[in-house]
Amino acid sequence: MPELERMLSRLGEELAWPETPDLSARVTSRLDEPAVRGERPARRPLGGLVGLRRTLVLAAAAMLLLAGTVFAAAPGVRDAVLDFLGLQGATVERREHLPTPPPERPLDLGTRMTLDEATERIAFAPLLPRALGEPDGVYVREGLPGGELSLAYRARPGLPRARSTRLGALVGEFRGDLSPEYLGKVVGPGTTVERLTVDGARAIWVEGAPHFLLYRDPDGLIVESSMRMAQNALLLEHGALLVRLEGAFDRERALAIARSLP
Amino acid sequence: MEDRPPHDEELVARAKRGERDAYEEIVRRHQQIAFRTAWVITGSAADAEEAAQDAFVKAHRALGRFREGAPLRPWLLTIVANEARNRVRAAGRRERLVLRVAEERRPGGAVPSPEAALLDFERRDELLAAVAALPENDRQAIACRYFLDLSEEETAAALGCPRGTVKSRLSRALGRLRERMEAADA
């Protein structure tokens, strides 16, 4: 696609679209209305305002429900944890039921900067998977010991765009030894979780239905605003680091990317 | 992969048999593109909401006429766009479509997606201004095809014109944008 058309597509993703109201319940309630030719169905009072308010209330309710469910589902609390896997820096739990997905939010990876600036801010040497080439964006989040580095790669042939991140690949790195429970994944029955080793290092592959990705603060409490839905992901111990690869790629591609880490 | 969501085709078949939850799922699945398409046409979120809602109700009544195996989205968008244009006609005026970029930085330090952040801000603003300066028909074509990522067929459905017209309108609009961007560079 020529450059101008690519720019237009990207611009579309950045536009401030008005919030889409949830029409499903209202449409369903109107399905029995008699069809009268030429006559418009009665307008709802106050036009879009009611819908907007309702959407906001529903979104807030969904968040509350989600928070409650995830907290109630924390390890040690009575609920059906079907499986629990841990790496240095990350945990993966399988639950009988997955809570309602959180509302979509812009991806928050921290502050964007150059790789050189990032190297100064974080307490480890950044690892760039050779299989992915130069990252299109470098981000640092400083809320945890040692900092967290995120490398963003645009979608391109062979690296399809993931719905969860809108990127071809997202690589996250942090000191797993300093923040043992920083990253959490909560998966439901539709997700495959597989423990494997990559060149002798422990790893977990998560694939299938979208699952919850969340972060914990230094006290081990879930940071609610960090929760989002994620797609296929490989979690990998690499020396003192925990490396996370997320994308719409399959296991073989993820392993090839992981093996190309220096 | 387990729990694969049902295809539109399956949902349509179930909705035709009277299963309401299947139609509710169809609405949920397509309401965003329906609402945004209606917004591009009407320029008003309130009108777009009504147009999309009425369109889904009408589409349900028309499901019996929907050709089995045909793609659902262009068909739905045709109905949505008709409803949207009817509103513009009934009002005798069209609200100016205000396109703007989402806030760069939100409260709480959240940033837009990395993909979004990658676009050169200055070029982006120039492009947005160039799109805003296009004639109405051209702007709608650009908005449908690129901002909403509709296919040519869907863009034709949304604009209520043949595919050939969409092609020529897009090519004219892209030419105008290119000229403006080059003028801005000079």
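It should be noted that the structure appears before, not after, this text.
What counts as what
- Residues numbered from 1 in each chain as written.
- Chains lettered and ligands numbered in written order.
- Predicted model: local features only at pLDDT ≥ 70, side-chain atom pairs only at ≥ 80, totals over all residues.
- Helix = DSSP H or I, 4+ residues; strand = E, 2+ residues; numbered from the N terminus.
- Buried ≥ 20, exposed ≤ 12 C-beta atoms within 10 Å, placed from the backbone.
- Contact = placed C-beta atoms within 7 Å.
- Arc of directions from axis to C-beta.
- Pairing = 2+ DSSP bridges.
- Core = buried A, V, L, I, M, F, W, Y, C linked by C-beta atoms within 7 Å.
- Domains from an automatic or database assignment.
- Axes fitted to C-alpha atoms, helices over the stretch in contact; angles between N-to-C directions.
- Parallel < 35°, antiparallel > 145°, perpendicular 65-115°, else oblique.
- Left-handed = near helix turned anticlockwise from the far one by under 90°.
- Nonpolar A, V, L, I, M, F, W, Y, C, P; charged D, E, K, R; others polar.

**Q** Can you help me understand the overall build of chain B in this one?
**A** Looking only at helices and strands, chain B features 9 helices and 0 strands. Burial statistics for chain B: of 186 residues in total, 38% are counted as buried. Partitioning the intrachain contacts of chain B with sequence separation of at least 6 by distance along the chain shows that 65% fall at a separation of at least 24.

**Q** Hey, could you run me through helix H5 (residues 251-259) of chain A in this one?
**A** Residue pairs spaced three or four apart in an α-helix point in one direction, given the helix's 3.6 residues per turn. Residues and elements named next belong to chain A. Within H5 the residues assigned to the buried category are Ala-254, Ile-257 and Ala-258. One side of H5 holds all its buried residues, which, seen down the axis, span an arc of 100 degrees. Opposite its buried face, H5 presents the exposed residues Glu-252 and Ala-256, each directed more than 90 degrees away. Buried-residue contacts for H5 involve strand E8 (191-198), strand E9 (201-208), strand E12 (233-238) and strand E13 (241-246).

**Q** Sorry if this is basic, but what is going on with the pairing of strand E10 (residues 211-216) of chain A here?
**A** On any regular strand, side chains alternate: one points to one face of the sheet, the next to the other face. Residues and elements named next belong to chain A. For E10, the buried fraction is high: 5 of the 6 residues fall into the buried class. In the sheet, strand E7 (residues 183-187) pairs with E10 via 4 bridges, with the strands oriented antiparallel. Pairing of Gly-184 across the sheet is with Leu-214, part of E10.

**Q** Got a minute to help me understand the nonpolar core in this structure?
**A** A general trend in soluble globular proteins is that nonpolar side chains are found buried together. One finds B:Ala34, B:Ala38, B:Ala52 and B:Val80 to be the most contacted residues of the largest nonpolar core, which totals 52 residues. Counting residues per element, this core draws most heavily on helix H2 (residues 20-42) of chain B, which supplies 10 residues. Taken together, domain 1 (1-96) and domain 2 (99-186) of chain B each give at least three residues to this core, which thus spans both. Every residue in contact with B:Ala52, bar those within four places of it in the chain, is listed here: A:Leu23, B:Gln31, B:Ala34, B:Phe35, B:Ala38 and B:Val80.

**Q** Explain the sheet that holds strand E5 (residues 148-153) of chain A here, please?
**A** Hydrogen bonding along the main chain pairs the strands of a sheet, whether they run parallel or antiparallel. Residue and element names in this part refer to chain A. The strand order across the open sheet built from 8 strands is E3-E4-E5-E6-E13-E12-E9-E8, with neighbouring strands paired in antiparallel fashion. The two strands at the open ends of the sheet, each matched to only one other strand, are strand E3 (111-113) and E8. Recorded for the sheet is a direction-independent mean angle of 20 degrees between the axes of neighbouring strands. With 3 bridges joining them, E3 and strand E4 (residues 137-141) adopt antiparallel strand pairing. By the bridge assignment, Thr-111 is partnered in E4 with Val-140.

**Q** I keep staring at unusual backbone geometry and nothing clicks. Help me out?
**A** If a residue is not glycine, its phi is most likely negative; likewise, a peptide bond is most likely trans. At A:Asp199, a position not held by glycine, the phi torsion is positive, near 50 degrees. The exposed category is assigned to A:Asp199, around which 11 C-beta atoms lie within 10 Å. At B:Asp149, a residue that is not glycine, the phi angle is positive and equals roughly 60 degrees. Inspection of the secondary structure assignment puts B:Asp149 in the loop between helix H7 (136-147) and helix H8 (152-159). Classification of B:Asp149 by C-beta neighbours within 10 Å gives partly exposed; the count is 14.

**Q** Hey, could you run me through the packing of helix H3 (residues 45-62) of chain B against helix H4 (residues 72-91) of chain B in this one?
**A** Two quantities define a packed helix pair, namely the angle between the helix axes and the distance between the axes. Residues and elements named next belong to chain B. As a packed pair, H3 and H4 sit with axes 8 Å apart at the nearest point and diverge in direction by 135 degrees. Here H3 is positioned oblique relative to H4, judged by the angle of their axes. The interaxial crossing formed by H3 with H4 has right-handed handedness. On H4, the residues that touch Asp-47, Ala-48, Ala-51, Ala-52, Asp-54, Ala-55, Lys-58 and Ala-59 of H3 are Leu-76, Ile-79, Val-80, Glu-83, Ala-84 and Arg-87. Residues belonging to the contact of H3 with H4 are distributed by class as follows: 9 nonpolar, no polar and 5 charged.

**Q** For this particular structure, what's the right way to read the packing of H2(B) against H3(B)?
**A** Residues and elements named next belong to chain B. For the pair H2 and H3, the least separation of the axes is 8 Å and the interaxial angle reads 135 degrees. In terms of their interaxial angle, H2 and H3 are classed as oblique. The hand of the H2/H3 crossing is right-handed. For the pair H2 and H3, contact is made by Tyr-23, Val-27, Gln-31, Ala-34, Phe-35, Ala-38, Trp-39 and Thr-42 and by Ala-45, Asp-47, Ala-48, Glu-49, Ala-51, Ala-52, Ala-55, Phe-56 and His-60, respectively. Taken together, the residues that form the contact of H2 with H3 break down as 12 nonpolar, 3 polar and 2 charged.

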